[in-house]
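Take a look at the letters that make up each chain.
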Amino acid sequence: MALTNVSSGATKASKVLNAVNQEVTIWCAGQAKLGISIRSVTGTPTLKFTGSLDGLTFNPLTVGAYPSANPPASGVTEATAAGNYEVNVQNYKFIRVQM
């Protein structure tokens, strides 16, 4: 499973997740939004979206499909298929996607 994020003023982070408990943590302090692209999925994994203020404690995070209405009509805290998501990150310093 490949994950990518790109945001204005941020760098691109890309990682292949292929085992349970693998994760990618994205530093997003000072950003307004973050985009997450799940490029391909093999099998039936579940990806969980979480956010943190301190990098130690992560809580479930609701992300919306991209592109979507602002604010999105509905959001998810997990994904099981390829897709594009966005999340407002003004209140977070770190966003994590974990398999």
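Residues numbered from 1 in each chain as written. Predicted model: local features only at pLDDT ≥ 70, side-chain atom pairs only at ≥ 80, totals over all residues. Heavy atoms only, no water.

**Student:** Just give me the short version of the side chain of Ser-52, but keep the residues and values in it.
**Tutor:** Looking at the secondary structure, you find Ser-52 in strand E5 (residues 47-52). From its side chain, Ser-52 meets the backbone nitrogen of Gly-55 in a polar contact 2.7 Å long. Contact partners of Ser-52, with chain neighbours within four places excluded, come to Thr-57, Phe-58, Tyr-92, Lys-93 and Phe-94. (Helix = DSSP H or I, 4+ residues; strand = E, 2+ residues; numbered from the N terminus. Polar contact = N/O pair within 3.5 Å; in protein donor to acceptor, adjacent residues only side chain to side chain. Contact = heavy atoms within 4.5 Å.)

**Student:** Which residues make up the pattern of salt bridges, and what values do they have?
**Tutor:** For the structure on display, the rule yields two salt bridges. Between Arg-96 and Glu-23 there is a salt bridge whose closest N-O contact spans 3.4 Å. A residue pair is termed long-range when its members are at least 10 positions apart, and Arg-96 in strand E11 (residues 94-98) and Glu-23 in strand E3 (residues 23-27) qualify at 73 residues. Residue class for Arg-96 comes out buried when judged on its relative accessible area of 17%. Glu-23 gets classed as partly exposed once you look at its relative accessible area, which sits at 25%. Residue Glu-86 is joined to Lys-33 by a salt bridge in which the shortest nitrogen-to-oxygen separation is 3.9 Å. Here Lys-33 lies in strand E4 (residues 33-38) and Glu-86 lies in strand E10 (residues 83-88), a separation of 53 residues in the sequence. Since its relative accessible area comes to 32%, Lys-33 is described here as partly exposed. (Salt bridge = Lys/Arg side-chain N within 4 Å of Asp/Glu carboxyl O. Buried < 20%, exposed > 50% of the residue type's maximum accessible area, 1.4 Å probe, protein only.)

**Student:** If you had to explain the side chain of Arg-96 to someone new, which residues and values would you point to?
**Tutor:** A distance of 3.4 Å separates the side chain of Arg-96 from the side chain of Glu-23, its partner in a polar contact. Among the polar contacts made by the side chain of Arg-96, one reaches the side chain of Thr-25 at a distance of 2.9 Å. Arg-96 has contacts with Glu-23, Val-24, Thr-25, Lys-48, Phe-49, Thr-50 and Phe-58, leaving out every residue within four places of it along the chain.

**Student:** Summarise the environment of Ile-36; cite the residues concerned and give the values.
**Tutor:** Assignment of secondary structure puts Ile-36 in strand E4. Overall, Ile-36 belongs to the buried group, its relative accessible area being 4%.

**Student:** Describe the packing of aromatic side chains, and please don't skip the residues or the numbers.
**Tutor:** Summed over the entire model, instances satisfying the criterion amount to one aromatic pair. Both rings, one in Phe-49 and one in Tyr-85, keep their centres 5.4 Å apart while their planes meet at 55°; by these two values the pair is tilted. Of this pair, Phe-49 sits in strand E5 while Tyr-85 sits in strand E10, and the two are 36 residues apart along the sequence. The burial state of Phe-49 is the same as that of Tyr-85; both residues are buried. (Phe/Tyr/Trp six-rings, centres within 6.5 Å; stacked < 30°, edge-to-face > 60°.)

These results come straight from atomic positions and should not be treated as a statement about function.
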